[in-house]
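Letter by letter, the chains look like this.
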Amino acid sequence: MIDLAGKTAVVFGLANKRSIAWGIAQKLHEAGASLAICYQNERMKAEAQGLIDELGGATGFQCDVSNDQEIESVFAALKERYGKLDILVHAVAYAPAEDLRGAFINTSREGFRIAHEVSVYSLIAVSRAAAPLMSEGGSIMTLTYYAAEKVVPNYNVMALAKASLESAVRYLASDLGPQNIRVNAISAGPIKTLAARGIGSMGDMLKAAADRAPLHRNVGQLEVGGAALFLASPLSSAVTGEVLYVDCGYNIMGF
Ligand code: 0WE
């Protein structure tokens, strides 16, 4: 059993029980970490706080990671409450719905900006705020997707954001390595989440992914949580700047 007793983790991106952040939070909690869980706004709080209350000792915080002031104040609150930080989970992505359908060539300037700001710049911003609190080293992780590398119809501008995110993971890992802070990404297979709802073809995508993957099934939130627990723990002490696939093997197949 991995023991994270005495460790503090902050998780960004909890919306509801289908959130990947929820699968990760449950696993970190099970391992004994103290949890700070962040939701975007008052609207998200309604559902998120109910889940947070299920994890004894976990505390909810409101933070919209596209707002520098909210990042500053949440990290001030974390410093006050926990003193230090060991683990940071970034499970946040957004592009305007109209940029996630139709032809990529029609990507709007505003959609491009929003997707990159919310999904990529936020990792840089929270990492910079977290690093001074990671006085005993730390583990930062984010979520990415295979479409960063190979074309997935309709993922469009989010694919560019994920490609940029994976590069940011490497640059952050390089910057923060001397402080023994590791930075990695988990590339999860498709999962039915709030972010994936509204994508009309999600059912077909899940089926196609399961058909082609060596394990012939889809990935569950708790399996992503398991990989996150590994990256949060000393078992991965020499792993940084890496993309870890949690996709039932989908990415290895050529045909
Ligand atoms: O990263 C994601 C989801 C990202 C996402 C989804 C939405 C839908 C609602 C970001 N922003 C928005 N904005 C909205 O308004 N995934 C890996 C899941 C996903 O999303 C897709 C996929 C897959 C898989 C979008 C198109 C095609 C495939």
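Below you will find a few notes about this structure. (Residues numbered from 1 in each chain as written. Predicted model: local features only at pLDDT ≥ 70, side-chain atom pairs only at ≥ 80, totals over all residues. Heavy atoms only, no water.)

1. What about the overall build of the protein chain?
Condition: A run of DSSP states H or I qualifies as a helix once it reaches four residues; a run of E qualifies as a strand once it reaches two. Both are numbered from the N-terminal end. What the globule rule says is 2.2 Å times the number of residues to the power 0.38, and the radius of gyration is computed from C-alpha atoms. Here's how the labels work: a residue is buried when its accessible area is under 20% of the maximum for its type, exposed when over 50%, partly exposed in between, all with a 1.4 Å probe on protein chains only. Only the protein chains shown count as cover for residues, and all accessible areas are computed by the Shrake-Rupley method using a 1.4 Å probe. By the counting scheme adopted, Arg and Lys are positive, Glu and Asp are negative, and His together with the chain ends is not counted. In this description, the location of a charge corresponds to atom NZ of lysine, CZ of arginine, CG of aspartate or CD of glutamate.
For the protein chain, the helix and strand inventory stands at seven helices and seven strands. Expected size for 255 residues packed as a compact globule is a radius of gyration near 18 Å; at 17 Å, the protein chain falls within 12% of this value. For the protein chain, the C-alpha atoms occupy an extent of roughly 45 × 40 × 40 Å along the three principal directions. When burial is assessed residue by residue, the protein chain has 52% of its 255 residues classed as buried. Working note: accessible area of the protein chain is about 12300 Å², and carbon and sulfur atoms make up 53% of it. Computed over 22 positive and 25 negative side-chain charges, the separation of the two mean positions in the protein chain equals 4 Å.

2. Some words on the side chain of E166
Here is the rule: Any Lys or Arg side-chain nitrogen located within 4 Å of an Asp or Glu carboxyl oxygen qualifies as a salt bridge. Residue contacts are defined here by distance: any two heavy atoms, one from each residue, within 4.5 Å place the two residues in contact.
Summarising the element assignment, E166 is placed in helix α5 (residues 156-176). Here E166 occupies a buried position and makes no salt bridge, while the nearest side chain of opposite charge, R170, is found at 5.0 Å. Once residues within four sequence positions are removed from consideration, E166 is found in contact with T144, Y145, A148 and V243.

3. Here's the deal with helix α7 (residues 221-232)
Filter applied, for reference: Each residue after the first adds 1.5 Å to the expected span of a helix.
In a regular helix each residue adds 1.5 Å, so 12 residues correspond to 16 Å; α7 covers 16 Å between its end C-alpha atoms and thus fits that length. Buried within α7 are the following residues: Q221, V224, G225, A227, A228, L229, L231 and A232.

4. Description of the pairing of strand β1 (residues 8-12)
What counts is decided by this rule: Strands are treated as partners if at least two bridges between them are detected by DSSP. Here a crossover is taken to be right-handed if, once the strands point away from the viewer, the path from the first strand over the helix to the second is traced clockwise.
For β1, a buried count of five out of five residues is recorded, marking the element as mostly surrounded by other parts of the structure. Where burial is concerned, the two faces of β1 agree: the one with T8, V10 and F12 and the one with A9 and V11 are both buried. Note: β1 against strand β2 (residues 34-39), five bridges, orientation parallel. Bridging from a neighbouring strand, F12 pairs with C38 of β2. For the handedness criterion, the β-α-β arrangement of β1, helix α1 (residues 20-30) and β2 is classed as right-handed. Here four bridges tie β1 to strand β4 (residues 87-90), and the two strands are oriented parallel to one another. Within the sheet, the bridge partner assigned to F12 lies in β4 and is H90.

5. Some details on a positive patch on the surface
In plain terms, the rule: Residues qualify for a patch when their relative accessible area is over 30% and they have no salt bridge, like charges being joined within 9 Å and the nonpolar side chains of Val, Leu, Ile, Met, Phe, Trp and Tyr within 5 Å.
A surface patch of like charges, here positive, comprises K17, R18, K192 and R197. You can see K192 is positioned in the loop between β6 (181-188) and α6 (202-212).

6. Topic: the sheet that holds β2
Applied cut-off: With axes taken as lines fitted to C-alpha atoms, and helix axes fitted only over the stretch in contact, angles between N-to-C directions fall between 0 and 180 degrees.
Spatially, the seven strands line up as an open sheet ordered β3-β2-β1-β4-β5-β6-β7, and their pairing is parallel. Of all the strands in the sheet, the pair left with one neighbour each is β3 (59-62) and β7 (243-246). On average, adjacent strands in this sheet sit at an angle of 20° to one another, irrespective of strand direction. Contacts from α7 reach β4, β5 (138-144), β6 and β7 within the one sheet, and its direction differs from that of β6 by about 165°.

7. Description of the layout of surface pockets
Where we set the bar: Cavity: a set of points on a 1 Å grid over the protein atoms alone where a 1.4 Å probe fits but cannot get out. Pocket: an open set with protein on both sides within 12 Å along at least five of seven lines, its lining residues, like those of a cavity, having an atom within 4 Å of a point. Grid points are joined across faces, edges and corners, and a volume is the space filled by probe spheres set on the points. For this scheme, ten residues count as nonpolar: Ala, Val, Leu, Ile, Met, Phe, Trp, Tyr, Cys and Pro. Four count as charged, namely Asp, Glu, Lys and Arg, and the remainder, Gly too, count as polar.
Taken as a whole, the largest pocket spans an internal volume of roughly 1500 Å³. Only α1, β2, α2 (42-54), β5, α5 and α6 provide two or more residues apiece to the lining of the largest pocket. Taken together, the residues of the lining of the largest pocket break down into 33 nonpolar, 11 polar and five charged. A volume near 550 Å³ is recorded for the second largest pocket. What lines the second largest pocket is a set of 26 residues, and nearest its centre among them are Y146, V152, A209, R212 and Y250. Contributing elements (two or more residues each) for the lining of the second largest pocket: β6 and α6. Take the lining of the second largest pocket: its biggest share by element is four residues, from α6. A breakdown of the residues in the lining of the second largest pocket according to their chemical character gives 16 nonpolar, six polar and four charged.

8. Considering α2
Worth spelling out the cut-off: Bend is the name given here to the angle between axes fitted to two runs of seven residues, the run ending at a residue and the run starting at it.
Compared with an ideal rise of 1.5 Å per residue, which puts 13 residues at 18 Å, α2 spans 19 Å between its outermost C-alpha atoms and is within 8% of the ideal. At A48, α2 is deflected by roughly 40°, the largest bend along its length. For α2, the set of buried residues is M44, A48, L51 and I52. Where α2 is buried, its residues meet α1, β2 and β3.

9. Examining the environment of S122
Stated precisely, the cut-off is as follows: Whenever a nitrogen or oxygen atom comes within 3.5 Å of another N or O atom, the pair is scored as a polar contact, on the condition that within protein one atom can donate a hydrogen and the other can accept it, and that pairs from neighbouring residues in sequence are kept only if both atoms are in side chains.
Summarising the element assignment, S122 is placed in helix α4 (residues 109-130). A residue is classified by how much of its surface remains accessible, and S122, at 0% relative accessible area, is buried. For the pair S122 and I37, spaced 85 residues apart in sequence, the C-alpha separation works out to 16 Å. If we ignore the near neighbours within four places in the chain, the residues touching S122 are V65, H90 and E117. For S122, the side chain forms a polar contact with the side chain of H90, separated by 2.7 Å.

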